[in-house]
Structures are given as structure tokens and as C-alpha cells.
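Chain by chain, the residues:
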Amino acid sequence: MRALPTEAGRVAYLLRVPSRTAWQALAQHPLGFLASAWPWRALVYLLSGVVFGAIALVTLLTMAVAGLVSLVVVVGAGLLLAVALSGIVVTRIERRRLRLVDLDPAPDPHRAPDRPGPRGWLETRLRESATWRELGFTAVSLTALWWMDLLVLGFALALPVLLMTSPMDDPDAWPWLVIGLCLLPAAPYTITAWAGARAALTRLILAPRDGELGRELTEVRASRARLVDAFDAERRRIERDLHDGAQQRLVSINVMLGLAGLDAEPGSPVARQLALAQSEVTLAVGELRELSRGVHPKALTDHGLDAAVGNLTSRSALPVTVDIRLPYRLPMAVESTGYFVVAEALANATKHSRATQAEVHARLEADVLTLTVRDNGVGGADPAAGTGLVGLADRVAAADGRLRISSPAGGPTLLRVELPCR
């Protein structure tokens, strides 16, 4: 198995990863940062903020004044409505400008209109809290942020130039020249630091809130839960069909072969062929029974997680200590997820970790099933190595649970799953 990287290796890896934001570039490469494009991107970000802020301020003030003056007519109401919705346009441009100092796109918090047409769009936007939050950000940006952009640019660039161009014939002016020369090299750091802070503030304010994405997240979770329930129902159907259909037919054939063997002459070629066929059918019945248990164990449906895990570990090649104490039967989806977590963890321990023993522990704590599987193998479990951990994490996430893995190089490996029982 591939060992997990050391702390020094992780640090070296982070240093090789390209910076995604101006702040990351400034923090990870303080010296090499000067030779990169990040200071220039930060400069363009602040300059464009000053230009755009001035234009937007003049435009919106003009529209607001014109709207108030002409409020007695319909035109004034339309202008004031346009001012109220101006935050949508301003923040859309701000999100695009944000890419200068933050390469990750900022998500749009607005949802699709409830009905087509301009009226549907307007009604949806006026009811959204994101629209009014963007209007508030626009007000803060036009009254404070772009002025601060101008102040930072003046302090970082204009002030050193003014100090260095002080009268040279004045014998008392040389200290200002030295101060200007000292301030100028710090300009890229000052500009980038403020650009990073401004971008972080912009992203924080304009990011979608949980309530705004609540309906979409609820629909996704409900859809995911329906898929898991459908898969579990299909598993139970396949297990039932295998048990009641093909398995019973094979058992009947096995009995018929046994009866035919009784009628055949002992020791004859026919008797030997019948005995061989009967043994093959017996093996097929056993393999089919194991297959049906793997698809969806009958003990899980009839007796719950404790009994199903007990049957699973009794057939395991790895000695397993089971400590499952549950006060009552859990929801079927939770029991099914817990069972397949244990099955996958024990399969990984047997195939990959070279473990000699394992432990399974489960308790119900405040309506949350806490399930842990520990083995004494070599550790180094890596989801990218194709050991089924990614699929296991997806299944736990589909049940709205949480999966944590501790598997340092040299072992042991501890898998902990928390599943809400609601």
C-alpha cells in the first residue's frame, strides 16, 4: 500500500501547488511573488475598482436624483426601481473583477425565476434576500471601498514618488528621498495585501447563504435518499428472487439427482456421474447462497444490524471482535449503510492491510449511530488507491452521515462512521 506523505512532504507539495489567490501567492512565495504576475493583477484590480466605483457612483446618484425629481410620473418610479436593482449589475461585474486576484469563480446566489418573462424575473429578484444584500454591498462599495482603493494606491505609489521628487537643492530634503526609496519596494506588498483583503470581503458578502440554497440542497438530498432507497429495495428484490427462485430450483435438482443416484447401480459409471453432478449442484447452491447474502443479507432484514454483522464476521477469514449494543432496531437505510460499511472495511483489511485481527464497535448516541472498525494492519489506506473507500464515503454521504479515516503508515487503521437515525 502507498504510505501517507510526511508533514515535510505535505509542505513541499503545497509549495509546488500554483497559488489560487493573491494572498496565497504572497504568503507562500514572499520573494518569488515579486517576479510573478500577482502584483500586477492586484494593481489592475484596485485601479479598475477606482474607475468602476467612480463611474457607478456618478451614474447611480444621477439616476436616484432624477428618479426623485420625476417621481410624480411613472419614469421616476422606474428609475428608482433600477437603482434598487443596480446591485445585481454591480455585483456581477465585481464577481468578474474578483477573478483578477482570486481564480476560483464566485457562485451566483440568484435562483431561476419562478415563471418566464420580465415580470417573473422581477418578482423573483425582488423577493430574494440576495438582491438586497447586493444592494447593500453596492452602497458600501461606492461610499467606502473604492475610496479605500484610491487611498491605498496613493499611499503605495503616489506618496513615494512625491517624496523622491522633493527639491534636491534643499539640504534638509534628503531624508524624504530615503523614505521614498524605502517605501517604494513595499508597494507591491501593500497593494496585494489590500487587494486580497478586499477580495475576501467581497466573496464573503456575495457568497450564497444556506437559506438561499436551501431548496436546491433539500431537493438534492431528497433525490439522493430516493436513489439509495431504490438501490436497497432492488438489492432486497434480487436477494429474494435468488433465495426463492434459483436457489430453490437448484435444491430441487439436487434432491432429484440424489434420488436418481439411489436407483442407479452402486459403483456404475451412471452412479459416479450422478454423484459428481450432485456435488457440483451442492457447490452451486452454496455459492448462490453466499451471493444472495452479499447482495442483501436476509439476517439484516429479519434481525437487524447486530445479527447481520455477526453472520458476516463468522465467515470472515480475519478474526473479528464484535461489540454492537443497540437498544432497538434502527431505520432500514441506516442498518443497510452500517452493514456495508463493515463489510467493505473488513474486505479491505483482509485484502490490503495484512491485518491479523479487527474490531467492530457500534453504539447509538443521541439518535446517531457511531460505528467504528479497527484493524492492526500496516495502515496507509488511500482512497485514491481504489480500495472502495470513495464508494464507501459516497454511500455514507448519501445517508447524510460522516466518514472519517485514520490510517497512518505502519497502522493501525481506524474507520469511524456517524449516521443520523432520523
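Quantities reported herein were computed from a predicted structural model and do not represent experimental measurements. (Residues numbered from 1 in each chain as written. Predicted model: local features only at pLDDT ≥ 70, side-chain atom pairs only at ≥ 80, totals over all residues. Heavy atoms only, no water.)

Time to look at the UniProt feature "transmembrane region" (unreviewed entry) in the chain. Sites flagged by UniProt as "transmembrane region" (unreviewed entry) map to residues 42–62, 68–90, 135–162 and 174–197. Along residues 42–62, the helical share is 100% and the strand share 0%, with 30 Å between the first and last C-alpha atoms. Along residues 135–162, the helical share is 100% and the strand share 0%, with 38 Å between the first and last C-alpha atoms. (UniProt positions renumbered as here; feature names shortened; annotations may be inferred. Helix = DSSP H or I, 4+ residues; strand = E, 2+ residues; numbered from the N terminus.)

The next subject is the sheet that holds strand β1 (residues 320–325). Taken together, five strands build an open sheet; the order of strands is β1-β2-β3-β5-β4 and the sheet is mixed. Of all strands in the sheet, those with a lone pairing partner are β1 and β4 (402–406), marking the two edges. Averaged over neighbouring strand pairs, the angle between their axes works out to 10° when direction is ignored. As judged from the eight bridges shared by strand β2 (residues 358–365) and strand β3 (residues 368–375), these two strands associate in the antiparallel manner. Bridge assignment links Arg363 to a residue of β3, and that residue is Thr370. Here helix α13 (residues 305–314) sits on the sheet and contacts β1, β2 and β3; the angle it forms with β1, its principal contact strand, is near 175°. In this fold helix α15 (residues 389–398) packs onto β4 and β5 (413–420), with an angle of close to 150° to the strand it touches most, β4. (Pairing = 2+ DSSP bridges. Axes fitted to C-alpha atoms, helices over the stretch in contact; angles between N-to-C directions. Contact = heavy atoms within 4.5 Å.)

Turning next to a nonpolar patch on the surface. On the surface, Val251, Val255, Leu259 and Leu262 cluster together into a nonpolar patch covering about 380 Å² of accessible area. Residue position: Leu262 is located in helix α10 (residues 214–263). (Patch = residues over 30% accessible without salt bridge, like charges linked within 9 Å, V, L, I, M, F, W, Y side chains within 5 Å. Areas by Shrake-Rupley, 256 points an atom, 1.4 Å probe, with all protein chains shown as cover. Salt bridge = Lys/Arg side-chain N within 4 Å of Asp/Glu carboxyl O.)

To continue, consider the pattern of salt bridges. Any two side chains of opposite charge can pair, on the condition that their charged atoms come close. Within this structure, the stated rule accounts for 14 salt bridges. A salt bridge links Asp149 to Arg198; the nearest nitrogen and oxygen atoms lie 2.8 Å apart. Residue Asp149 is located in helix α7 (residues 129–164), and its partner Arg198 is located in helix α9 (residues 187–206); the two are separated by 49 residues in the primary sequence. Put simply, Glu418 and Arg404 hold a salt bridge, and the shortest N to O gap is 3.1 Å. One end of the pair, Glu418, is in strand β5; the other, Arg404, is in strand β4, and 14 residues separate them in sequence. On the accessibility criterion, Glu418 (17% relative accessible area) is buried. Its relative accessible area of 40% is what places Arg404 among the partly exposed residues. Among the charged side chains, a salt-bridge network with shared partners connects Glu94, Arg97, Asp149 and Arg198. (Buried < 20%, exposed > 50% of the residue type's maximum accessible area, 1.4 Å probe, protein only.)

For α15, the set of buried residues is Leu389, Leu392, Arg395, Val396 and Ala398. Looking one or two residues beyond α15, the residue adopting positive phi is Asp400, at roughly 65°.

Judged by nonpolar contacts, the single largest core of 34 residues is most densely connected at Tyr339, Val342, Val360 and Leu369. When residues of this core are traced back to their parent elements, those giving at least two are α12 (298–303), α13, β1, α14 (332–351), β2, β3, α15 and β5. The element best represented in this core is α14, accounting for eight residues. Those residues within four positions of Val360 in sequence are excluded, and the remaining contacts are Val309, Val320, Thr321, Val322, Asp323, Ile324, Val342, Leu371, Thr372 and Val373. Of all hydrophobic cores here, the second largest spans 24 residues; its members include Ala22, Trp38, Tyr45 and Leu206. (Core = buried A, V, L, I, M, F, W, Y, C linked by side-chain atoms within 4.5 Å.)

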